[in-house]
Amino acid sequence: MSNKGRVSPETGLFQPEMDGAELTLQSDQKPKEWVSKLKNELIDEYIWSEVLREQNSGVANSINEVADELETAEDELNEIKNGGETGDGILYDELTNLGVKLNNGSTKEAFEQSIFDDMIEASDGLGIDYVLRGGKRLRPAMTLLTEYGLEGEITDKGLLIGAAQEIIHASSLAQDDEMDGDKVRRDKLSTERLNRALFEDKGYDQSMLDGNKVEAWAGKPVVASIDEGVPTATAQEAFTVEADLQDGQKRDIDMENADLGETELEDYEHMIEGKTGALYRGGVEIMVETHLENKDYSRKDQCNLDNEDVHSLFTEYMDSFNKLFQAGDDMIEIFNSDDVEKSTSDIENRKITFPALNTKYGLENVDNDYAGIFLDVFDRKYDQIADQNGEVSSEVKQTASEMGVEIPSEAQVGGDWENQWITDVIHEYGHAPSTSRADEYIQRAEGAIDRLQENNVLEEEIADKYREMAGFVYNRDT
């Protein structure tokens, strides 16, 4: 099969990094440490050098020209990627410079000082930047853990699927930021802000097109993975993952217009299956199916389960893992976040989150009147709580006082007090049921891994890493 025009890994190019990654997975490091090592030593370099350079050679050449003064290729790569922490990478600086100057109305000056020849190339640069600007790389890390756990080594199969995951993820972030109007992504200006500067009232159109184009780039590593040993039908599941991701995003948008009182946790979990879960689950399942279908499944002789049971248990683990990830994400914003603007915006926008849903259940278990007041305020059903003058009724205030979270004495419905009051109620009544539900997810995840270990599908050391990862994505601090 011809590799012309496709991502084609150079044999042995990343072998030292692969060996280092395998040593990392053999180690007793904590999840945060080994994920960071995988990201810094293997995944980012692979995505850039083996995927994105071939996806858009024009932008890559522009970046390389700017980086020519750097002493080594390693320095160049680090500057381009910037690690996602310092925010001072070459590509991002050039894009920001271009966007800020255009926003000030000097198009000619901006392009003279940028690395790009035209605005479309600059817009493509935004797409590449979104892939390279950082992130934890948890999705490909889980894919590589699964390949290593089943096969005993990391190969280009896992790296190509992992690269595709990150590219698809970046495309969804670009579109998500535009739809939500987010100004910042990973401590940098979002494409929504930069495209607004580049294209003014056409910025929305360009951001959506950027997302579509970046998503299309994922096709090359997916197709190339077939040459590396992923069965064709299995590789094609990556495109189903893309569709599931879009479905999850649509459900998330639909939920923005829903009332908390009419939404159940099952609705939220269904959304998670697509928006959060599709990419995580997809990479792991592709690795599982590849090793079950291929003859090189290294642990098949020791395994006491049939293929269907093995696949089912990995799916059960990932289902719980995805719910834990989203639960942890939501709980960070409400209970532990230093990002006050983000946590308050969820309340201001009345976004249905894991803590908000569990607050509803927690209140219902205490007193239906408590739950009713919370839901009426959250869903802005003011006719249920206001008197004729638009002030919160005395009966509602009395019940709120019994809850231990009082409504100000002369509060008007729709007033500034609401966001803080909702936050206080969630802290008081939502934390315990949220934690209890998350514990159920952890138990299900660990139960699935226990069975995989007991039946010789996974060695103890790797099974422990799966258990640790479930706890890590829930308890992480960022």
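Please refer to the structure placed before this passage.
Residues numbered from 1 in each chain as written. Predicted model: local features only at pLDDT ≥ 70, side-chain atom pairs only at ≥ 80, totals over all residues. Heavy atoms only, no water.

Engineer: What is the right way to look at the overall build of the chain in this model?
Structural biologist: When you go through the chain residue by residue, the secondary structure sums to 24 helices and two strands. For the chain, buried positions account for 56% of its 478 residues. Long-range pairs, those at least 24 residues apart, make up 73% of the contacts in the chain with a sequence separation of at least 6. Surface accessibility of the chain: about 20800 Å² in total, with carbon and sulfur atoms responsible for 41%. (Helix = DSSP H or I, 4+ residues; strand = E, 2+ residues; numbered from the N terminus. Buried < 20%, exposed > 50% of the residue type's maximum accessible area, 1.4 Å probe, protein only. Contact = heavy atoms within 4.5 Å. Areas by Shrake-Rupley, 256 points an atom, 1.4 Å probe, with all protein chains shown as cover.)

Engineer: Just checking my understanding: could you explain unusual backbone geometry for this structure?
Structural biologist: As a rule of thumb, non-glycine residues mostly have phi less than zero, and peptide bonds are mostly trans rather than cis. One non-glycine residue with positive phi stands out, namely R137, at about 60 degrees. One can find R137 in the loop between α7 (119-132) and α8 (138-151). For R137, a relative accessible area of 3% gives the class buried. Here N456, not a glycine, exhibits a phi torsion of approximately 65 degrees, which is positive. You can see N456 is positioned in the loop between α23 (431-454) and α24 (460-475).

Engineer: Would you take a moment to explain the environment of L98 for this structure?
Structural biologist: One can find L98 in helix α5 (residues 90-103). For the pair formed by L98 and A197, sequence separation is 99 residues and the distance between their alpha carbons is 8.4 Å. Beyond its immediate chain neighbours, meaning those up to four positions away, L98 contacts A110, F111, S114, F116, A122 and L198.

Engineer: Which parts of the structure should I look at to understand empty space enclosed by the protein?
Structural biologist: Here the structure, examined in full by the defined rule, presents four cavities of 30 Å³ or more. Here the largest cavity defines a volume of roughly 80 Å³. As for the largest cavity, its lining consists of I161, A164, Q165, I168, V222, A238, V241, A278, L279, G282, G283 and I286. For the lining of the largest cavity, the per-class residue count stands at nine nonpolar, three polar and no charged. (1 Å grid on protein atoms, 1.4 Å probe; cavity = no way out; pocket = protein on both sides within 12 Å on 5 of 7 lines; lining within 4 Å. Points joined across faces, edges and corners; volume = space filled by probe spheres on them. Nonpolar A, V, L, I, M, F, W, Y, C, P; charged D, E, K, R; others polar.)

Engineer: What is the right way to look at the nonpolar core in this model?
Structural biologist: As a rule of thumb, soluble globular proteins bury nonpolar side chains together. Counting 137 residues, the largest nonpolar core has L52, M142, F314, Y317, F374, W421 and L458 as the members making the most contacts within it. It is helix α17 (residues 307-336) that contributes the most residues to this core, 12 residues altogether. Setting aside residues up to four positions removed in sequence, F374 forms contacts with L260, A356, T359, K360, L363, W421, I422, V425 and I426. (Core = buried A, V, L, I, M, F, W, Y, C linked by side-chain atoms within 4.5 Å.)

Engineer: Got a minute to help me understand a nonpolar patch on the surface in this structure?
Structural biologist: On the surface, M179, Y204 and I253 cluster together into a nonpolar patch covering about 250 Å² of accessible area. Residue position: M179 is located in helix α9 (residues 156-180). (Patch = residues over 30% accessible without salt bridge, like charges linked within 9 Å, V, L, I, M, F, W, Y side chains within 5 Å. Salt bridge = Lys/Arg side-chain N within 4 Å of Asp/Glu carboxyl O.)

Engineer: How do you make sense of a negative patch on the surface when you look at a structure like this?
Structural biologist: Taken together, the side chains of E65, D68, D117 and D118 make up a negatively charged region of the molecular surface. Within the secondary structure, D68 is located in the loop between α3 (57-67) and α4 (73-81). The exposed category is assigned to D68, whose relative accessible area is 58%. (Lys, Arg positive; Asp, Glu negative; His and termini not counted. Charge placed at Lys NZ, Arg CZ, Asp CG, Glu CD.)

Engineer: Just checking my understanding: could you explain the pattern of salt bridges for this structure?
Structural biologist: Close approach of charged atoms lets side chains of opposite charge pair. Scanning all chains against the criterion turns up 19 salt bridges. The partner of E264 in a salt bridge is K360, with the nearest N and O atoms 3.6 Å apart. With a gap of 96 residues between them, E264 in the loop between α14 (237-256) and α15 (265-275) and K360 in helix α19 (residues 354-366) connect regions that are remote in the sequence. Overall, K360 belongs to the buried group, its relative accessible area being 1%. R350 is paired through a salt bridge with E418; the nearest N and O atoms lie 2.8 Å apart. Of this pair, R350 sits in the loop between α18 (340-348) and α19 while E418 sits in helix α22 (residues 417-429); the two residues are 68 residues apart in sequence, bridging distant segments of the chain.

Engineer: I would appreciate a short explanation of the side chain of N358 in the present structure.
Structural biologist: Mapped onto the elements, N358 comes out in helix α19. In this structure N358 touches Y429, G430, P433, S434 and R437, once residues within four positions along its chain are discounted.

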